[in-house]
Every structure is written in structure tokens, then in C-alpha cells.
Amino acid sequence: MTSRFRNNGIYLMLSDEELELLNEKYKASKCKTLRQFIMKCILEKDIYVLDMDVFREMSTNISRTSNNINQIAKRVNITSIIYKDDVEDLKILLENQAKDIFSMRKKIYSLTNSNSINTEKE
């Protein structure tokens, strides 16, 4: 056998549904061979791993803020008085949300514009 550039093979088991889906995508791709299609899928696509912690924290902060607003609204409706501490608590929660949003925007920007200048202000 002659010397090969690619001398490592991979064996892959698929269910009937997975094989059918693979064949549909292969036919739609207009690639000449299945090997060409698979190589194109593997080598020409960037893979991104998303850190969902930022989104979870944002969701938690939004929930806290919403709950606090509801509690304050109920108290104001009953007593017609709004307390300074309640307003301060809301400010802190909203500042945390703003920090989370800024952090997420920076991460997304760094992923999508690695060759561009960052115009975001800190």
C-alpha cells in the first residue's frame, strides 16, 4: 500500500433515524461524496462553547428585581408610603443586571469580532 497523507480511520455507529438525517443533509449539500460532506462539516465549521452561567445569573437577577418591584408595589398600594431602603435595594439589583449585561456583551463581542477594535466602554 502506498504512503497516505490521511492514515487514521474512524468508525461510527448511527441509528436508522440518524443515518436518514445524515443522508438527507448529504444530498442537500451537493457534495460529490459522503466523505467530502463529512470533512466539510468537521473541518470548515467553527465550534463555540457557550458559558450559560452569565445567562443564569441574569435570569436570577431579573427574577429578584421583579419580585422586589411586586413587593414594593403591594406595600405602596396598602400604605401609600415608599421606603428609601426599598429603592436602594432595587438600585443594587439593577446595577448587578447592568454588570451582567456588560459582561455578556464583552464575551459575545470577543467571540464575534476577534479581528476588530473593541468600541465598548468599560
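Residues numbered from 1 in each chain as written. Predicted model: local features only at pLDDT ≥ 70, side-chain atom pairs only at ≥ 80, totals over all residues. Heavy atoms only, no water.

The name an unreviewed UniProt entry gives the protein is MobC family plasmid mobilization relaxosome protein, with Peptoniphilus ovalis as the organism.

**Digging into unusual backbone geometry**
Trans is the common state for peptide bonds, and a negative phi is the common state for residues other than glycine. With a phi close to 65°, Lys30 is a non-glycine residue in the positive phi region. Considering the arrangement of structural elements, one finds Lys30 in the loop between helix H1 (16-29) and helix H2 (34-43). Here Ser80, not a glycine, exhibits a phi torsion of approximately 60°, which is positive. Take Ser80: it is sitting in the loop between helix H3 (53-79) and helix H4 (84-112). Note on Ser80: relative accessible area 64%, which makes it exposed. (Helix = DSSP H or I, 4+ residues; strand = E, 2+ residues; numbered from the N terminus. Buried < 20%, exposed > 50% of the residue type's maximum accessible area, 1.4 Å probe, protein only.)

**A word on the state of the cysteines**
Applying the stated criterion across every chain, the model contains zero disulfides. Cys41 takes part in no disulfide bond, and the closest cysteine sulfur to it belongs to Cys31, at a distance of 7.3 Å. (Disulfide = S-S within 2.5 Å.)

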